Structures are given as structure tokens and as C-alpha cells.
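One-letter residues, chain by chain:
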Amino acid sequence: MAYGSDKLEKVIGFIGLGAMGKPMAENFLKAGYELNVFDVSALVMEKWKRTSANLCKNVTEVAEKSDIIFSSLPNGKIVQSIMEGEQGVLASCKTGAVIVDLSSVAPETSESLCQKAGEKGVCYLDSPVSGGVTGAQKGTLTLMVGGDREAYEAVLPELNCIGKNIFYIGKSGSGDAMKIVNNLLLGCNMAALAEALILGEKCGLDLKTMKEIISISSGRSYVSEAKLENFIMPESYDGGFAISLQHKDLSLALEAGKAVTMPLPMTSMAAQIYELAKAEGLSRKDISALVKMWSEHTLK
């Protein structure tokens, strides 16, 4: 790739056009880039016919035609499946291309793919994101990037199309590690808030009063500020950050703990709580639906 060329001369590839991928890819079109896209869903691809993007028949075509390939996928197994193999991205992309994986995966997954990419003359960056669908739509996501610094700096103009707060973390896998740390805190904080609120209600406290006091006291947090008013008080748990995704991130944290021989007792307990919520049929609901789960079990 000609790093010194005007940024709009770079052709962007985007694989995975789901809830997060779709708005991120759209932001590249808004910025004026030529865009090659692919998703396994035929229905999703049909909708992209209404745009100026080039629709590709598989990941091979995306890789062959693009200078920078972004991927936004559900889990590490899927990331590996599209990157590796004779028809995978690594085997098909140009020498000097940069792959930016925006998925949340284990650091070891990105480290392995980075090494394999290097053997083919390709740069591989792990760049998980935070900020949800709203942040993806507005282009204000937080990006945590791991991998080669020169490659990071080369694609920084493109990263600025989808993110507002962009951090270079360090070596390959470090972006994934940072995302794991952040979402470990998110998941544990939400589990604690849910318990606290239901305890308060069982003690006769009003939800509105608890919100008012917590918001100006030491117990406040992102989840108390973002989830109480928007999800819990109106008892509307659709949208937001799904319980199934939070459970996945806690599972990644537990895997990372095993890899570095680090016990994570609070994370382990939180993961079980989200597992219970999944068993209760709340997988697709926002993480604040833990309040609904405890309420139905205890406020009788």
C-alpha cells in the first residue's frame, strides 16, 4: 500500500455488516472512500445494493481488491475462519495490505494471526471498539489498537472515520487485552448494580430516590448513569449491549486469566450471573435486564 498517498486513494474492505459493522462501514462511504463489502447474510447484502459500495461474493474478493481490510465479527472462531485457509483473507490480500480486526477476541487469537500475516508480508492490527451501536453510527467509538506501530499510524486517517478516541496500546493482542479489562469492569459493575437496586427495593426504597442519591454519591458508575434512566426505570431492555455479548467478554477475561495464571473470582461469579440470565431467555436483552431477572426471582 502506498502509505504516502492521499488517504482517499486507499480502497477499504469491510467484512461483517452486523449491528456494529454496518454503521462503521457506512462511515467510510460518507468519508468518500471506495468500499468493498461482504457479509454471510444474503439479506444484509441485498440491502447494500442501495449504496455505492462494491458488493463482493466472498472474503477472498474483498481481500484481493482492498488496501485496508476491516472485520467486525461475533467471535474469535469466526475471525480465524475468515482469515485463515486457502481462500481466507491472509492468503488473498495484497503484500503490504493492513488488516484491522474490530472484533472482541482473545489476545492469543490476534497474536497468532498477526504472526501468520507477517509471514505473508501483511500487517495485522487488533482494534476492538467501545461505544455501542450509537457510537458506531456517530463515528465516536473508542478504539484500542494493538500491533505494529507503523501500520497503526498508516491507517490512522481511516480509524478516525469510525472513532473519536483512538489509543495505540502496544504489541499485538494488547488492544484485545485492554477491551477485556474494560468489559470485565462493565459486566461486574452491572451485576453489582442489579443486586443493589433489588436489595434496596426489598428494603422499601424507591427506585427514583436510589437513582438520585447514587448519582451524587460514591456508588455511582457508568452503568448507574447510563442504564438506570434509559433502561431500568422505564423497564425497557431492548437494544443496548446484549447479555450474550457481555457473557462472551467475561468468558474471554476468564480465558486471559488462565493464560497468565491469574485468579478472577469476581469475574467468575459475574459470568455465572450472566449465564443464568441467558438461561432465563434474556440473551438478547441489554445487560441492565439483570435487574428484571432478580426482580422476578426475589420481589414476590
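Up top is the structure these notes are about.
Each residue is numbered by its place in its chain's sequence as written, counting from 1. Residues qualify for local features only when their pLDDT is at least 70, as the model is predicted, and side-chain atom pairs are given and counted only at 80 or more; totals for whole chains, interfaces and linings, by contrast, use all residues. With hydrogens and water excluded, all non-hydrogen atoms of the structure serve as input to the side-chain values.

It is worth spelling out the overall build of the protein at this point. Helix and strand counts for the protein stand at 15 helices and nine strands. A compact globule built from 300 residues should have a C-alpha radius of gyration of about 19 Å, and the protein, at 21 Å, falls within 12% of that. When its C-alpha atoms are laid out on the principal axes, the protein stretches across 65 × 45 × 35 Å. Working definition: with a 1.4 Å probe on protein chains only, accessible area under 20% of the residue-type maximum means buried, over 50% means exposed, and in between means partly exposed. Relative to its 300 residues, the protein shows a buried fraction of 48%. Sequence-distant contacts in the protein: of pairs separated by 6 or more residues, those separated by 24 or more amount to 64%. Only the protein chains shown count as covering a residue, and every accessible area follows the Shrake-Rupley method with a 1.4 Å probe. When the accessible area of the protein is evaluated, it comes to approximately 14400 Å², of which 54% is carbon and sulfur surface. Between the centroid of the 30 positive side chains of the protein and the centroid of its 35 negative side chains there is a distance of 4 Å. Under the scheme used here, helices are H or I runs from DSSP no shorter than 4 residues and strands are E runs no shorter than 2 residues, and both carry numbers assigned from the N terminus. It is over C-alpha atoms that the radius of gyration is taken, and the globule rule equals 2.2 Å times the number of residues to the power 0.38. Note on definitions: a residue-residue contact is assigned when non-hydrogen atoms from the two residues lie within 4.5 Å. His residues and chain termini do not enter the charge count, which takes Lys and Arg as positive and Asp and Glu as negative. A charged residue contributes its charge at one atom only: NZ of Lys, CZ of Arg, CG of Asp or CD of Glu.

Turning to the nonpolar core, a few remarks are in order. As used in this record, nonpolar core signifies buried Ala, Val, Leu, Ile, Met, Phe, Trp, Tyr and Cys residues forming a set joined through side-chain atoms within 4.5 Å. Phe14, Leu35 and Phe70 are the most contacted members of the largest nonpolar core, which has 52 residues in total. Sequence-distant contacts of Leu35, defined by excluding residues within four places in its chain, comprise Ile12, Phe14, Ala25, Phe28, Leu29, Trp48, Ala53 and Asn54.

Moving on: the side chain of Asp39. Along the polypeptide, Asp39 turns up in the loop between strand S2 (34-38) and helix H2 (42-47). Criterion for a salt bridge: a side-chain nitrogen of Lys or Arg within 4 Å of a carboxyl oxygen of Asp or Glu. Buried charge Asp39 goes without a salt bridge, the closest partner of opposite sign being Lys47 at 10 Å. Here the side chain of Asp39 touches Leu17 through a polar contact of 2.7 Å, landing on its backbone nitrogen. Pairs of N or O atoms are called polar contacts if they sit within 3.5 Å, as long as, within protein, a hydrogen donor faces a hydrogen acceptor (for residues adjacent in sequence, only side-chain-to-side-chain pairs). Engagement of the side chain of Asp39 in a polar contact is seen with the backbone nitrogen of Ser41, the distance being 2.8 Å.

How two aromatic rings sit relative to each other is set out by the distance from centre to centre and by the angle between their planes. Planes of paired rings set the category: under 30 degrees apart is stacked, over 60 is edge-to-face and the rest tilted, where pairs are Phe, Tyr or Trp rings (Trp by its six-membered ring) whose centres lie within 6.5 Å. One pass over the full model with this rule turns up five aromatic pairs. Note on Phe28 and Tyr33: the rings are 5.9 Å apart at their centroids and 90 degrees apart in plane angle, and the pair reads as edge-to-face. You can call Phe28 buried: its relative accessible area is 0%. Residue Tyr33 is classed as buried on the basis of its relative accessible area of 4%. Put simply, the rings of Phe14, Phe28, Tyr33 and Phe70 pair up and form one aromatic cluster.

Residue position: Arg284 is located in the loop between helix H14 (265-279) and helix H15 (290-298). Note: C-alpha distance between Arg284 and Gly135 (149 residues apart in sequence) is 19 Å.

On to a nonpolar patch on the surface. In this analysis, a patch consists of residues with relative accessible area above 30% that form no salt bridge, clustered at 9 Å for like charges and at 5 Å for the nonpolar side chains Val, Leu, Ile, Met, Phe, Trp and Tyr. Nonpolar side chains collect at one region of the surface, where Phe167, Ile169, Met178, Val181 and Leu185 lie side by side and expose about 430 Å² of accessible area between them. Mapped by element, the contributors of at least two residues to the nonpolar patch are strand S9 (163-170) and helix H10 (174-202).

In total, this model carries 13 salt bridges according to the counting rule given. A salt bridge links Lys57 to Glu61; the shortest N-O distance between them is 3.5 Å. The exposed category is assigned to Lys57, whose relative accessible area is 65%. Here Glu61 falls in the buried class, since its relative accessible area comes to 11%. Where salt bridges share partners, they join Lys57, Glu61 and Lys65 into one cluster.

Quick look at H15 now. Considered for burial, the residues of H15 that qualify are Leu290, Val291 and Met293. Burial along H15 is one-sided: seen end-on, the buried residues are contained in an arc of 160 degrees. Where H15 is buried, its residues meet H10, helix H12 (222-232), helix H13 (243-259) and H14. The arc in question is the one traced by the directions running from the helix axis out to the C-beta atoms.

A word on the side chain of Ser110. You can see Ser110 is positioned in helix H6 (residues 107-119). Filtering out sequence-adjacent residues up to four positions away, Ser110 remains in contact with Val105, Tyr124, Asp126, Ser172, Gly173 and Asp176.

This part takes up unusual backbone geometry. Although it is not a glycine, Glu235 adopts a positive phi angle of roughly 55 degrees. Even without being glycine, Thr261 reaches a positive phi, approximately 55 degrees. Topologically, Thr261 is positioned in the loop between H13 and H14. Take Thr261: its relative accessible area is 71%, and that puts it in the exposed class.

In short, the description is geometric, and any link to function would need to be established separately.
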